[in-house]
Amino acid sequence: MAREIPFLLLIVLSGTSGELCVARAMKSIGEVTDFRPASLIRVIFRAMRVGWMWMGITLMAIAFFALLGALSIENVTFVVPVTALSYAAGALGGKIFLGEGVSRRRWFGVLLVCVGVTLVFIGQK
Amino acid sequence: MKSSPGLHLKTFILIVLLVIFSPLGNVLLSKGMKNVGAVSMSAPGELISVFMQVFTSGFIWLGIGCLLLFFVAYLLVLSWADYSYVQPASSISYGVVAVLGHFFLHEQVTPTRWAGILVICLGVFVVGHTPPRTTEHN
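Remember, predicted model here, so these are calculated numbers, not experimental data.

1. What to know about the overall build of chain B
Item 1. In terms of helices and strands, chain B carries 6 helices and 0 strands.
Item 2. Of the regular secondary structure in chain B, the N- to C-terminal order runs α-α-α-α-α-α.
Item 3. Counting only residues that meet the buried cut, chain B has 49% of its 138 residues in that class.
Item 4. Of the contacts made within chain B by residues no fewer than 6 positions apart, 85% connect residues no fewer than 24 positions apart.

2. Thoughts on the interface of chain A and chain B
Often, the extent of an interface is quoted as the loss of accessible area upon association of its parts.
Item 1. The partner chain B presents 49 residues to the 49 residues of chain A that form the contact.
Item 2. Every element with two or more residues in the side of chain A that touches chain B is listed here: α1 (5–29), α3 (51–73), α4 (76–82), α5 (86–98) and α6 (104–122) of chain A.
Item 3. If you tally residues by element for the side of chain A that touches chain B, the top one is α6 of chain A, at 13 residues.
Item 4. Here the residues of the side of chain A that touches chain B sort into 29 nonpolar, 13 polar and 7 charged.

3. Details of the confidence of the model for chain B
The predicted coordinates ought not to be read in detail in places where the model reports low pLDDT.
Residue and element names in this part refer to chain B.
Item 1. Put simply, chain B has an average pLDDT of 83, and 84% of its residues get 70 or more.
Item 2. Here helix α4 (residues 83–90) stands out as the least confident element of chain B, with mean pLDDT 67; helix α3 (residues 58–78) is the most confident, with 90.
Item 3. Model confidence for the complex: the whole-complex pTM is 0.78, and ipTM, which rates the interface, is 0.76.

4. Here's the deal with unusual backbone geometry
Item 1. Its identity is not glycine, yet H106 of chain B carries a phi of approximately 55 degrees, on the positive side.
Item 2. Here H106 of chain B shows up in the loop between α5 (93–104) and α6 (111–128).

5. Some thoughts on the packing of helix α1 (residues 5–36) of chain B against α5 of chain B
All names here are of chain B.
Item 1. Direction vectors running N to C along α1 and α5 enclose 40 degrees, while the axes themselves pass 9 Å from each other. Between α1 and α5, the angle falls in the class oblique. Every pair of crossing elements has a handedness; the one defined by α1 and α5 is right-handed. Here L18, V19, S22, P23, L24, N26, V27 and S30 of α1 come into contact with α5, specifically with S93, V96, V97, L100, G101 and F104.
Item 2. Residue composition of the contact of α1 with α5, by class: 9 nonpolar, 5 polar and no charged.

6. Points about the nonpolar core
Item 1. Counting 76 residues, the largest nonpolar core has V77, L78 and I120 of chain B as the members making the most contacts within it.
Item 2. At 11 residues, α1 of chain B tops the list of elements feeding residues into this core.
Item 3. With residues near it in sequence (within four places) discarded, I120 of chain B still touches P81, A84, V113, G116 and V117 of chain A together with Y94 of chain B.

Parameters at a glance
Residues numbered from 1 in each chain as written. Chains lettered and ligands numbered in written order. Predicted model: local features only at pLDDT ≥ 70, side-chain atom pairs only at ≥ 80, totals over all residues. Helix = DSSP H or I, 4+ residues; strand = E, 2+ residues; numbered from the N terminus. Buried ≥ 20, exposed ≤ 12 C-beta atoms within 10 Å, placed from the backbone. Contact = placed C-beta atoms within 7 Å. Nonpolar A, V, L, I, M, F, W, Y, C, P; charged D, E, K, R; others polar. pLDDT = per-residue confidence, 0-100. Axes fitted to C-alpha atoms, helices over the stretch in contact; angles between N-to-C directions. Parallel < 35°, antiparallel > 145°, perpendicular 65-115°, else oblique. Left-handed = near helix turned anticlockwise from the far one by under 90°. Core = buried A, V, L, I, M, F, W, Y, C linked by C-beta atoms within 7 Å.

Have a look at this one:
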C-alpha cells in the first residue's frame, strides 16, 4: 500500500497548486461571456500569455503523471476518492492565494470530505 | 453583479459537463494503466519503456481526450465562478467515478469505501450550496 502514497501526495499537492495558478490566470482574463468557437480560441490564446497559466499547466502535468503512476498500482475507485483531499488544500489555497471568501458552511463540507476520504482509506482491502 | 439566474444556469451546465468528462477520463486511464502494470518511483530506468507503453495505449488517449474536454469546460467556468466553489461542486464526479469503476472495470468496493464516497458526496453537497462568487471582478 505504501508504494502509491508518494503518487497520491503529488496528485493532491501539485494538482491543487496547478489549479489555483490556472484559476488565478483565468480570473485575470475576466468572465467569458461569448461561447462561439472563434471567441473561445481567442480566450485560450489570451490565457496562454499569462505566466500563471504556464505554471499551472506544468504543475497539473506533474499531477497527471502521478495519477497514471497511482492508477498503475491501485484501483480507480480508491485513487480518485482519495484525491478528494485536494478539497482541504483547495479551500485553504483559494482563501490565502486568491482572496476568496470561505464560509463556515464550506469549511464544514470540506471537513465531511476529509472524513469520507478517511473512510475510503480504512475501507481499502 | 454578484450573482444572477443566468450566471447560475451557465455554471450548472458547465459543471454537468465536468461531472461527465472527468470520471470517464479517469476510468479510461485506469483501464489503460492496468494493462501497463505497476510503475515504481524507485526504478527510473524503466520509465522510458513505461512512457512508450502509456502513449501507445488507445485507452490512455481516449482518457486524455475526455480530460482535455473537462479542462476546457473547467477553464471557462473558472473565468467567472470561484475556485473554492467550482472544485467542490464539480466533484460529485468522485461518486460517478466509483460507480463507473465498479460497473465497467469490475472493481470490488467494500461497504466502508462506499460509505466514504457517500460522505465525500455529502460534503460536496454542503459546499456546493454556497454562492458561486464571493470576490468582485475588476
